[in-house]
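Observations on the model geometry
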Amino acid sequence: MTNSISTENAGTWRLIEPEKVLDMAVNDVDFLTELIDLFSALAPEQIQEIQQAIDSHDAELLSGVAHAFKGMVGNYTQTGPYPLLQSLENDGKSAELEGCRVKFNSLEREVAELLTELETLKTQVSQSL
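Let us look at the structure shown here. Numbers given to residues run from 1 along each chain, matching the order in which its sequence is written. The predicted origin of the model limits local features to residues at a pLDDT of at least 70 and limits the giving and counting of side-chain atom pairs to 80 or more, whereas totals for whole chains, interfaces and linings rest on all residues. Side-chain calculation: all heavy atoms of the structure are included, whereas hydrogens and water are not.

Let's talk about the packing of aromatic side chains
Two aromatic rings, drawn from Phe, Tyr or Trp (for Trp, its six-membered ring), form a pair once their centres lie within 6.5 Å of each other, and the interplanar angle then sorts them: stacked below 30 degrees, edge-to-face above 60, tilted otherwise. This structure, assessed with the given rule, holds 2 aromatic pairs. Taken together, a centroid distance of 6.1 Å and an interplanar angle of 15° make the contact between Phe39 and Phe69 stacked. With Phe39 in helix H3 (residues 29-55) and Phe69 in helix H4 (residues 59-73), this residue pair connects regions lying 30 residues apart in the sequence. Using a relative accessible area of 3% as the deciding quantity, one classes Phe39 as buried. The exposure class of Phe69 is buried, given its relative accessible area of 0%. When the centroid spacing of 5.0 Å and the interplanar angle of 55° are considered together, the rings of Phe39 and Tyr76 count as tilted. Strands are runs of DSSP state E lasting at least two residues, helices are runs of H or I lasting at least four, and both sets are numbered from the N terminus onward. Three labels apply to residues, based on accessible area from a 1.4 Å probe with only protein chains included: buried if under 20% of the type maximum, exposed if over 50%, partly exposed otherwise in between.

Remarks on the nonpolar core
For the purposes of this section, nonpolar cores are sets of buried Ala, Val, Leu, Ile, Met, Phe, Trp, Tyr and Cys residues that join through side-chain atoms within 4.5 Å. Ile16, Phe39, Ile50, Phe69 and Leu107 are the most contacted members of the largest nonpolar core, which has 37 residues in total. Counting residues per element, the ones that place at least two in this core are helix H2 (18-24), H3, H4, helix H5 (81-94) and helix H6 (100-127). Take this core: its biggest share by element is 10 residues, from H3. Not counting chain neighbours up to four residues away, the residues in contact with Ile16 comprise Val21, Tyr76, Leu114, Glu117, Leu118 and Leu121. What makes two residues a contact is simply this: any of their non-hydrogen atoms within 4.5 Å.

Examining the environment of Val21
Within the secondary structure, Val21 is located in helix H2. In this structure Val21 comes out as buried when scored by relative accessible area, which is 1%. Expressed as a C-alpha distance, the spacing of Val21 and Gln51, which sit 30 residues apart in the sequence, is 28 Å. For Val21, the residues in contact, after removing those within four places along its chain, are Ile16, Leu32, Tyr76, Leu118 and Leu121.

Structure (structure tokens):
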């Protein structure tokens, strides 16, 4: 099952490695669906909390929320939004919030793309049954 997904979609995955995501879900399509649905539900809340931390110049909150969201994102990718979250976490820890707005704007785009890739994977895995 995993080989046909990666072969059929060679070159279309920028952020995720489908085989690793499927392995994380123990090749259980229902479990994969639940994981992706949960992530899709929680991601907007995490993005909103990061934005609120930046808007209110709350370095401690930024550090904590970026760290927690980085852990969630890290289940799916170590690229795209992951290094941005690491950078925002570090900015919060050092209370250096000057460039956070630009990073946040990039983070929004990267998370949207990650969600799209995960939804595509979920659909393709479900259709392969």
